[in-house]
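Geometric and topological summary
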Amino acid sequence: MSEADEASNYSYPVTPRLASTPATPPISAPPSQIHSPSLSRSPLLAVGDQIEPAGKTPRTSTPKNATPRNLTPRIRTPRFITPLGSPIRKALKLTRLDPQDAWLPITESRNGNAYYAAFHTLCAGIGIQALVLPVAFPILGWAWGIIFLTLTFIWQLYTLYILVQLHENVETGMRYSRYLQLCGVTFGEKLAKWLAFLPLLQLSAGTCVALIIVGGTSMKTFYQITCGATCTSQPLTTVEWYLVFTCAAVVLSQLPNLNSIAGVSLVGAITAVGYCTIIWVVSVAKGRLPGVSYNPVQTDKEGIVRAVDVLNALGIVAFAFRGHNLSLEIQRYFIGKTCGATVVPCHSCIQPLDVNRPHPFKCIQRLDATVATMPSSEKHPSTVPMWKGVKFAYLIIATCLFPIAIGGYWAYGQLIPSGGMLVALIAFHATDTSRFILGLTSLFVIISAVSSFQIYGMPMFDDLESLYVRRKKKPCPWWLRPLIRAIYGFFMFFIAVAIPFLGSLAGLIGGIALPVTLAYPCFMWLKVKKPKAYGPIWWLNWVLGVLGIILSVLVTASGIYVIADTGIKVSFFDPQ
């Protein structure tokens, strides 16, 4: 008898069946959160789990056959996360997301596009600081003023390109949605707080305080222009105008996230371009003032005084370009439609799904929930639409800043007041310019300031809400977000009233914030991208980074010297 026949005569015991395990109850969620991005931040869903709206009794059914369908225990790790799935992960270039990002205002919406990027960048890039550019030209002169303005524009555009490229780390798959986060990864958490926290705080909170001062003052000017000399009504005080502006900004700040303020940024950008254009066109059309001179200012004291004046002028030009602290936040909400990742694999059935349309619960499980990732296509990364928006925005910014600087200096020369072009327009052309033009200019400044308050306040809203989210591990309640933003807005109003001479510290503050725009991105590129040592890119970033740090130190020192030498008019709680 053969060995096969002998084996067939043996009787083997039947493998016992596993005891049936109780079915996992369905997960309850409000109907408004079924398709919310925050749903993917819940604990890992099993392959067979389903999500049902809250308030509905989950359907339970007792199978007729007591024998379970699955004879093996349920595996809660998606089949996509296996050694076999690693080539697929590399092909899709998965991007890691912070699990709490779906609850914060900067990152909860991810359906931006190049137009939104242009709106936000334009609104953040053009501000009242652009009107002060002609003040630097009496010190620098025609040639050096234009040369330094051009070089600074190219320099900051290059550093902005670096930030756009560093938003996503190809090696680790991480997206850095905040400037401080990227600094922490590059320089270390402790060093990043020392280097970047204070400048970023000044660029966000300090700008909001300046916008309250400028917006409130413009409201007062607009009232005086429209009311006229024959107005008999009692005007509001400066503090009351600050309060009116703050109330308008707080009401508008209740819009939840970056995506929702895209229209606000568009209006702010249009009005900013409008008042810049009106001011330089009217100034040039009226012609040069009598006695205008273009010779650089000569002082009786030479040496250190002349050097301090030059450094202050360089600081004015450099500080005119801002908004780099917001570029990563703006680019963050491109994850989704515009990054090209429109088709992703489903973990339960390994079938392609279109993420831009709703799906049945059995199929739309957490996308790689164990690592909280989302795919990003190498062919269409998020840097493409962001850079398109940036190029369009800075083309318009250039058409505003260069005419303001050159036209303003041509029209006013050495007579340009320290307050800039807006003060010069009202001081020299209040009588020979129609009230409609003057009132429209002031109105545009007000609207632009209210709109800019939202984009510069959003990082602070995000930081304040993150304190609650990290502690409680859940999103802010519906009443807490408006309360946080109202408290922040009125605290900025308190600072604007308490320290109205903050504008006198602009040189000092601008020098402290200068590395965020001109220096830190170059060092980030060297640390993250690691270009070839002693190559052209390596030398370029080292030279620009070191020059940015040196310029920051010199401008800060000159600001301190001016304050110590000439002093400032300190008037607490007495805005003029």
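Starting from 1, residues in each chain are numbered consecutively following that chain's sequence as written. Totals for whole chains, interfaces and linings use all residues, but because this is a predicted model, local features are given only for residues with pLDDT of at least 70 and pairs of side-chain atoms are given and counted only at 80 or more. Processing note: side-chain calculations cover all non-hydrogen atoms of the structure and skip hydrogens and water entirely.

Turning our attention to the overall build of the protein chain. Within the protein chain, the regular secondary structure consists of 17 helices and six strands. When a residue's accessible area, from a 1.4 Å probe over protein chains only, is under 20% of the maximum for its type it is buried; when over 50% it is exposed; and in between it is partly exposed. A buried classification covers 48% of the 576 residues belonging to the protein chain. The contacts in the protein chain between residues at least 6 apart in sequence include a share of 82% that link residues at least 24 apart. Calculation of accessible area relied on Shrake-Rupley with a 1.4 Å probe; when residues are assessed, cover is drawn exclusively from the protein chains displayed. With an accessible surface of roughly 28,600 Å², the protein chain has 66% of that area assigned to carbon and sulfur atoms. The helix count covers DSSP runs of H or I at least four residues long, the strand count covers runs of E at least two residues long, and both are numbered beginning at the N terminus. The contact rule is simple, with two residues in contact once any of their heavy atoms fall within 4.5 Å.

Here, the term disulfide refers to a pair of cysteine sulfur atoms separated by no more than 2.5 Å. Across all of its chains, the model carries zero disulfides by this definition. With no disulfide partner, Cys276 has as its closest neighbouring cysteine sulfur the one in Cys400, 5.0 Å distant.

With that settled, consider the packing of helix 3 (residues 114–125) against helix 11 (residues 383–412). The N-to-C vectors of helix 3 and helix 11 enclose an angle of 40 degrees; their axes lie 8 Å apart at closest approach. Considering their axes alone, helix 3 and helix 11 lie oblique with respect to each other. Once helix 3 is placed against helix 11, the crossing between them reads as right-handed. Contacts from Ala114, Ala117, Ala118, Thr121, Leu122 and Gly125 in helix 3 reach Pro385, Met386, Lys388, Gly389, Val390, Phe392, Ala393, Tyr394, Ile396 and Ile397 in helix 11. The nonpolar class holds Ala, Val, Leu, Ile, Met, Phe, Trp, Tyr, Cys and Pro. Asp, Glu, Lys and Arg form the charged class, and all remaining residues, Gly among them, are polar. In the contact of helix 3 with helix 11, the residues fall into twelve nonpolar, three polar and one charged. Helix axes are fitted only over the stretch in contact, all axes being lines through C-alpha atoms; the angle between N-to-C directions runs from 0 to 180 degrees. The labels follow the angle: roughly parallel below 35 degrees, roughly antiparallel above 145, roughly perpendicular from 65 to 115, and oblique for the rest. Here is the rule for handedness: rotate from the far helix to the near one, and if that takes an anticlockwise turn smaller than a right angle the crossing is left-handed, while a clockwise turn gives right-handed.

Turning our eyes to something else, we now look at the environment of Val264. Within the secondary structure, Val264 is located in helix 8 (residues 262–285). When near neighbours in sequence (up to four residues on either side) are disregarded, Val264 contacts Leu252, Leu255, Ser451 and Gln454.

When pLDDT is averaged along the protein chain, the result is 75; 69% of the residues meet or exceed 70. Here strand 6 (residues 373–375) is the element of the protein chain with the lowest mean pLDDT, 31, and helix 7 (residues 238–252) is the one with the highest, 94. Each residue carries a pLDDT score, the predictor's confidence in it, ranging from 0 to 100. When the criterion is pLDDT under 50, residues 27–58 qualifies, and its contacts beyond four places in sequence or with other chains add up to 64 contacts. Scored below 50 in pLDDT, residues 67–95 makes 56 contacts in the model with residues more than four places away or belonging to other chains.

Let's shift gears to a nonpolar patch on the surface. Like-charged residues within 9 Å of one another, or nonpolar side chains (Val, Leu, Ile, Met, Phe, Trp, Tyr) within 5 Å, are grouped into patches, provided each residue has over 30% relative accessible area and no salt bridge. For salt bridges, the criterion is a side-chain nitrogen of Lys or Arg within 4 Å of an Asp or Glu carboxyl oxygen. Taken together, the side chains of Tyr534, Trp539, Trp542, Val543, Val546, Leu547, Ile550 and Leu554 make up a nonpolar region of the molecular surface, amounting to roughly 770 Å² of accessible area. When you line up the elements, Val546 lands in helix 17 (residues 536–566). We classify Val546 as partly exposed; its relative accessible area is 36%.

Its location among the elements puts Ser442 in helix 13 (residues 435–472). Not counting residues up to four positions away in its chain, the partners in contact with Ser442 are Ser218, Thr221, Phe222 and Ile225.

Under the defined criterion, the tally for this structure stands at three salt bridges. Its salt-bridge partner being Glu465, residue Arg481 comes within 3.0 Å of it at the nearest N-O pair. Of the two residues, Arg481 is situated in helix 14 (residues 480–498) and Glu465 in helix 13; the sequence distance between them amounts to 16 residues. With a relative accessible area of 15%, Arg481 lands in the buried category. With its nearest N and O atoms 3.4 Å apart, the salt bridge here joins Glu465 to Arg485.

What follows deals with the packing of aromatic side chains. Aromatic rings from Phe, Tyr and Trp, with only the six-membered ring used for Trp, were paired whenever their centres fell within 6.5 Å, and each pair was classed as stacked if the ring planes differed by under 30 degrees, edge-to-face if by over 60, and tilted otherwise. Applying the stated criterion across every chain, the model contains 21 aromatic pairs. Their ring planes at 50 degrees and their centres at 6.4 Å tell us that Phe453 and Tyr488 sit as a pair that is tilted. Taken as a pair, Phe453 in helix 13 and Tyr488 in helix 14 lie far apart in primary sequence, 35 residues in all. Here Phe453 falls in the buried class, since its relative accessible area comes to 1%. One aromatic cluster is present, built from ring pairs that chain together Phe523, Tyr534, Trp538, Trp539 and Trp542.

This part covers the nonpolar core. Side chains that are nonpolar tend, in soluble globular proteins, to be buried together. By nonpolar core we mean a set of buried residues, namely Ala, Val, Leu, Ile, Met, Phe, Trp, Tyr and Cys, connected to one another through side-chain atoms within 4.5 Å. If you look at the biggest cluster of nonpolar residues, it comprises 98 residues, and the most contacted ones within it are Leu131, Leu149, Ile212, Ile279, Ile455 and Tyr488. Sorting elements by how many residues they give to this core places helix 11 first, with 15 residues. Ignoring any residue separated from it by four or fewer positions in sequence, one finds Leu149 in contact with Leu133, Phe137, Val317, Phe321, Phe402 and Ala405.

Turning our attention to helix 8. With 24 residues, helix 8 extends 34 Å from end C-alpha to end C-alpha; this agrees with the ideal 34 Å at 1.5 Å per step. Positive backbone phi, approximately 85 degrees, marks Gly287, located one or two places after helix 8. The span one expects for a helix is its residue count, reduced by one, times 1.5 Å.

Residue placement: Ser451 occurs in helix 13. The definition of a polar contact used here is a pair of N or O atoms within 3.5 Å, where within protein one atom must be able to donate a hydrogen and the other to accept one, and adjacent residues in sequence count solely through side-chain atom pairs. For Ser451, the side chain forms a polar contact with the main-chain oxygen of Ile447, separated by 2.9 Å. Residues within four places of Ser451 in sequence aside, it is in contact with Cys123, Val264, Val267 and Gly268.

Bringing the packing of helix 3 against helix 8 into the picture now. In the contact formed by helix 3 and helix 8, the axes pass within 8 Å of each other and the chain directions differ by 50 degrees. Classified by the interaxial angle, the pair formed by helix 3 and helix 8 is oblique. The hand of the helix 3/helix 8 crossing is left-handed. Contacts between helix 3 and helix 8 pair Tyr116, Phe119, His120, Leu122 and Cys123 from the former with Ala262, Ser265, Leu266, Gly268 and Ala269 from the latter.

Within the fold, Asp565 resides in helix 17. When its relative accessible area of 47% is taken as the criterion, Asp565 is described as partly exposed. The spacing of Asp565 and Val305 is 260 residues in sequence and 9.9 Å in space, taken between C-alpha atoms.

The end-to-end C-alpha distance of helix 9 (residues 304–319) is 22 Å, a good match for the 22 Å that 16 residues give at a rise of 1.5 Å each. Residues Val305, Val308, Leu311, Ala313, Leu314, Gly315, Val317 and Ala318 constitute the buried set of helix 9.

What follows concerns unusual backbone geometry. The phi angle at Lys530 is positive, at roughly 50 degrees, despite the residue not being glycine. Within the secondary structure layout, Lys530 lies in the loop between helix 16 (520–529) and helix 17. Residue Lys530 is classed as exposed on the basis of its relative accessible area, which comes to 60%. Even without glycine at this site, Tyr534 takes up a positive phi of about 65 degrees.

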